[in-house]
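Examining the three-dimensional arrangement
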Amino acid sequence: MLVLALAAGSSMLFAGGKGEAPSAAPAADAKPIVLRLAETHPADYPTNMGNLRFAELVKERSNGRITIEVYSGSQLGQERAVIEQVQFGAIDFTRVSISPLAAFVPVFNALQLPYLYRSEDHMWKVLLGPIGKELFASLEPSGFVGIGWFEPGARNFYNSKRPVAVPADLAGLKIRVQESDLMVGMVQGLGAVATPMPYGEVYSGLQTGVIDGAENNWPSYESTSHFEVAKYYTVDEHTRVPEIIIGSKISLSKLSQADQDLIKQAAIDAIPYQRQLWAEREKASEAKVKAGGSIITVVADKGPWQAAMKGLYDKQPSAVQYLVKRVSEVQ
Ligand code: BDP
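Bear in mind that the values here come from a model prediction, so they are computed numbers and not experimental data. Within any chain, residue numbers begin from 1 and follow the written order of that chain's sequence. Local features are withheld for residues below a pLDDT of 70 in this predicted model, meaning they are given only at 70 or higher, and side-chain atom pairs are given and counted only at 80 or more; totals for whole chains, interfaces and linings count all residues. With hydrogens and water set aside, each side-chain value is computed from the structure's full complement of heavy atoms.

**So, the site of the ligand**
Whether a residue is near a molecule or strand depends on its heavy atoms: it is near if one of them lies within 4 Å of it. Inspection of the region around the ligand gives 13 residues, with H41, E79, R176, N216 and E243 positioned closest. Polar contact is defined as a pair of N or O atoms within 3.5 Å, subject to the rule that within protein one atom must be able to donate a hydrogen and the other to accept it, and that residues adjacent in sequence are counted only when both atoms are side-chain atoms. Between H41 and the ligand, the recorded distance is 2.7 Å, taken from a side-chain N or O atom to an oxygen atom. R95 has a polar side-chain atom sitting 2.9 Å from an oxygen atom of the ligand. In short, Shrake-Rupley with a 1.4 Å probe defines the accessible areas, and a residue's cover is counted only from the protein chains shown. Protein coverage of the free-state accessible area of the ligand, which is 310 Å², stands at 98%. For the shell around the ligand, a count of residues per class yields 1 nonpolar, 7 polar and 5 charged. Residue classes follow a fixed rule: Ala, Val, Leu, Ile, Met, Phe, Trp, Tyr, Cys and Pro count as nonpolar, while Asp, Glu, Lys and Arg count as charged, and any other residue, Gly among them, counts as polar.

So this is what it looks like as structure tokens:
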């Protein structure tokens, strides 16, 4: 018995390197693990290509033991409903916009306020630095695990009625926003009427006139064909709303620490690929909607837009205001 126990102990020591954590390298008989990831965008969209790269890295590094099945095109539901399912472990991962996530973990509003980041680069320094790590930790009490970030691009307003150059041009327009109180407040601050609605319903909303407009980055405006039913696009770049991969705490806690670490590292290592595809797609989408007849208004002076958002900052709880201040200090 003692010999057997010692032998087992020493082989664990060998497998785990230092003997504390089980190794991510598979034992010959290790059980295969299959996990599911939900994505709203179509298969070839850069964000989903990033998911696929993430899944591929996980598969490679676990020597085929861990499979992440990627369900794109909202097959598993719209974002808010999917986040709920991740929370109770029915879906293992999702790539979502932090806008609907902030309804579950409100401190995330600190990362999506309008005109928060000076540039894309500033945003990435925040996400990959201490603030991003703290925000990941803040997910855990709500049943989520922060896994990785993807590039979201800048969001712009568009509508079917008229060119918009200054906030006053939006007055009275019914604008779809993500399912987020913050985004409702933002659109109200600009003098328009905010209509929260799942992403998948926006096209028919525009077509039937239930809404007059929405807001999104170039690739989403193009891939959803919204440009066909709302041709006035205003480059005001009001938000950069980070894309995030979250995992279910219930699902992930069934895995070894080494497997959890392997998964997190794979998501981080998929970022450069997604960012590269994003940059290419932004250009291609812009060209496509222009060729399709979109009328583009580029905002030269963002001052009036920023001024209209001031009230939204003032309304934030102190935890969010504190983070906003720290974000502004990131160089
Ligand atoms: C896109 C995000 C996607 C959101 C969508 C929306 O990538 O996650 O669902 O906007 O507006 O840019 O709901």
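**Here we look at the sheet that holds strand β10 (residues 243–248)**
Picture the strands of a sheet paired through backbone hydrogen bonds; they go either parallel or antiparallel. Paired strands, as defined in this entry, are two strands with at least two bridges between them according to DSSP. Secondary structure is summarised from DSSP: a helix means a run of H or I of at least four residues, a strand means a run of E of at least two, and numbering begins at the N terminus for each. The 5 strands are arranged β2-β1-β3-β10-β4 in an open sheet whose pairing can be described as mixed. Bordering the open sheet on either side are β2 (66–71) and β4 (144–150), each of which pairs with just one other strand. Across this sheet, the average inter-strand angle for adjacent strands is 25 degrees, counted without regard to direction. Two strands pair when backbone bridges link them, and strand β1 (residues 33–39) and β2 are joined in this way by 6 bridges, in the parallel orientation. Across the sheet, I33 pairs through a bridge with I66, a residue of β2. Between N-to-C directions, angles cover 0 to 180 degrees, with each direction set by a line fitted to C-alpha atoms, over the stretch in contact for helices.

That is the geometry; function is a separate question.
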